[in-house]
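# Structure at a glance
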Amino acid sequence: MTDHTLKKLFEDVRRQDAQNAPSFERLLRTQRSSENRTSSGIWMPLAFASVLFLAAVLAFSVLSKNSTLSSEEVEQWTAIASWSAPSDSILAENTTTSSESFSTFSDSLFEFVPTSSDKTQNL
Amino acid sequence: MNDGLHEPLISPTNSAELKDALERYHAMSYGWAMSCCSSNPNDAEDILQTVYQKILQGRARYDGRAAFKTWLFAVIRNTAASERRRAWIRFLRLRSYQKEHQGDYYSADNSEALEGGERVSLFRATLDRLPRRQKEILHLVFYQNLTIEASAKAMGVSLGSARTHYDRAKKQLGQLLKLTGQFHD
């Protein structure tokens, strides 16, 4: 197969390609329309995200509105908090301060037992 | 540097000049894109469109280190390669579509053109049997009239490697064409 024959064969291929090649302008036009598609493709998720955001804000405001107590509920809870039972006096608070001490019978059981380190020091 | 035969030096700087340069090489770029994607006209068109988009949006920049045509061909080749890597999942789905349209593409209206078209189709099919690099170097040298040196740059291989591919490709293609019994010197 000579170079000349190969060149001729490739020329035939080139001729066929030239006949079938899409026009340059058409490719650019398609490019522009695909750019437009891309830009509209950006708007779609953006719109979806906006809707989600608005829904989240709405849901938050509704929930926070529901969570605020009405005046009736406040009165009800205040009444419960200020209510005192007859047995409340039994629940007397401890009046002994931490600085005060007193001895008991069992104190004698707590004898001083030297530890192993004390023994070593004595040696 | 003048890589192609009788190709004037151009080095577009702004977008209008770039567009003119792309339009000037459009037919050749299409032929190269066809070669880079196994003669599938749909893929070639997609690749070319992506390449134009890349260049006109400034995602692929011409730095003047090689001739514009060589650089453009390298961009087309790289784009085709990355498309091939990404498109392996789509491949099976598109295969039937490709077969359908290849039939349309190679068919012609009159019998004389059909004969010529069939011969070209057979030549393309034989070319597609060559390893990719061998097919590319033959296309760049014989179709695009590039020197082996410029072809090496467009393919992103060394000059020595390009020469080896060129020699092997010619031998192998000669043998394959002989086997078809349709091509004679």
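Residues numbered from 1 in each chain as written. Chains lettered and ligands numbered in written order. Predicted model: local features only at pLDDT ≥ 70, side-chain atom pairs only at ≥ 80, totals over all residues.

## Things to note about the overall build of chain B
Secondary structure summary: chain B contains nine helices and zero strands in total. Secondary structure elements of chain B, listed N to C terminal, follow the sequence α-α-α-α-α-α-α-α-α. By sequence separation, contacts in chain B at least 24 residues apart represent 66% of the contacts at least 6 residues apart. (Helix = DSSP H or I, 4+ residues; strand = E, 2+ residues; numbered from the N terminus. Contact = placed C-beta atoms within 7 Å.)

## Quick word on the overall build of chain A
Summing up its helical and strand segments, chain A has four helices and zero strands in all. Listed by position from the N terminus, the elements making up chain A come as α-α-α-α. Per-residue burial over chain A gives 7% buried out of 123 residues. (Buried ≥ 20, exposed ≤ 12 C-beta atoms within 10 Å, placed from the backbone.)

## Description of helix α3 (residues 41–56) of chain B
Residue and element names in this part refer to chain B. Over its 16 residues, α3 runs 22 Å from end to end, which matches the ideal 22 Å to within 8%, given 1.5 Å per residue. Among the residues making up α3, those that are buried are P41, D43, A44, E45, I47, L48, T50, V51, Y52, Q53 and I55. G58 sits one or two residues past α3 and shows a positive phi near 80 degrees. (Expected span 1.5 Å × (residues − 1).)

## Things to note about the environment of Q182 of chain B
Residues and elements named next belong to chain B. Among the structural elements, Q182 can be located in the segment after α9 (159–180). Judged by the 12 C-beta atoms lying within 10 Å of it, Q182 is exposed. Expressed as a C-alpha distance, the spacing of Q182 and L122, which sit 60 residues apart in the sequence, is 8.8 Å.

## Here's the deal with the nonpolar core
Core analysis: the biggest nonpolar cluster contains 47 residues, and A33, I47, L48 and I76 of chain B have the highest contact counts within it. Broken down by element, this core gets its largest block of residues, seven residues, from helix α4 (residues 68–86) of chain B. With sequence-adjacent residues up to four places away left out, L48 of chain B is seen in contact with L27 of chain A together with S29, Y30 and A33 of chain B. (Core = buried A, V, L, I, M, F, W, Y, C linked by C-beta atoms within 7 Å.)

## A word on the interface of chain A and chain B
Contacts between the two partners involve 21 residues from chain A and, on the opposite side, 25 residues from chain B. Elements represented by at least two residues in the side of chain A that touches chain B include exactly α1 (3–20) and α2 (24–67) of chain A. Take the side of chain A that touches chain B: its biggest share by element is twelve residues, from α1 of chain A. Among the residues making up the side of chain A that touches chain B, the classes are represented as eleven nonpolar, six polar and four charged. (Nonpolar A, V, L, I, M, F, W, Y, C, P; charged D, E, K, R; others polar.)

## Points about the packing of α3 of chain B against α4 of chain B
Residue and element names in this part refer to chain B. Orientation of α3 relative to α4, taken along the N-to-C sense of each, is 120 degrees, at an axis distance of 9 Å. Judged by the angle between their axes, α3 and α4 are oblique. Crossing geometry of α3 relative to α4 is assigned as right-handed. Counted together, I47, T50, V51, K54 and I55 of α3 and V75, I76, T79, A80 and E83 of α4 form the full contact between these two elements. When the residues that make up the contact of α3 with α4 are grouped by side-chain class, the tally is six nonpolar, two polar and two charged. (Axes fitted to C-alpha atoms, helices over the stretch in contact; angles between N-to-C directions. Parallel < 35°, antiparallel > 145°, perpendicular 65-115°, else oblique. Left-handed = near helix turned anticlockwise from the far one by under 90°.)

## Observations regarding the confidence of the model for chain A
In the predicted model, chain A carries a mean pLDDT of 77, and 70% of its residues have values of at least 70. Model confidence for chain A, summarised as mean pLDDT per element, is weakest for helix α4 (residues 116–122) of chain A at 55 and strongest for α1 of chain A at 90. (pLDDT = per-residue confidence, 0-100.)

## Describing the environment of Q16 of chain A
Position of Q16 of chain A among the secondary structure elements: in helix α1. Residues contacting Q16 of chain A, with those up to four places away along its chain left out, are G117 and V120 of chain B.

## Brief notes about α9 of chain B
Residues and elements named next belong to chain B. For α9, built from 22 residues, the straight-helix expectation of 32 Å at 1.5 Å per residue is met to within 8% by its first-to-last C-alpha distance of 31 Å. Turning to α9, its buried residues number three or more, namely A162, H165, A169, L173 and L177. Buried positions in α9, seen along its axis, are confined to an arc of 80 degrees and lie on one side of it. Set apart from the buried face of α9 by more than 90 degrees, the exposed residues are G160, D167, K171, Q175 and L179. G181 occupies a position one or two residues after α9 and carries a positive phi of about 75 degrees. (Arc of directions from axis to C-beta.)

## A look at the packing of helix α8 (residues 148–155) of chain B against α9 of chain B
All names here are of chain B. In the contact formed by α8 and α9, the axes pass within 9 Å of each other and the chain directions differ by 105 degrees. Considering the angle they form, α8 stands roughly perpendicular to α9. Contact residues: α8 offers I148, E149, S151, A152 and M155, while α9 offers L159, A162, R163 and Y166. Per-class residue counts for the contact of α8 with α9 are six nonpolar, one polar and two charged.

## Examining unusual backbone geometry
Residue and element names in this part refer to chain B. Positive phi, normally seen in glycine, also occurs at S38, with a value near 50 degrees. Mapped onto the secondary structure, S38 falls in the loop between α2 (26–36) and α3. Positive phi values are uncommon outside glycine, yet N145 reaches one of about 60 degrees.

## Describing the confidence of the model for chain B
Residues and elements named next belong to chain B. Counting all residues, the mean pLDDT for chain B is 81, and 77% of those residues have values of 70 or more. Taken together, the stretch residues 1–6 has pLDDT below 50 and engages in 18 contacts with residues farther than four places along the chain or on a different chain. Counted against residues more than four places away or in other chains, residues 104–114, with its pLDDT under 50, gives eight contacts. Scored as a whole, the predicted complex attains pTM 0.58, and scored at its interfaces, ipTM 0.73.

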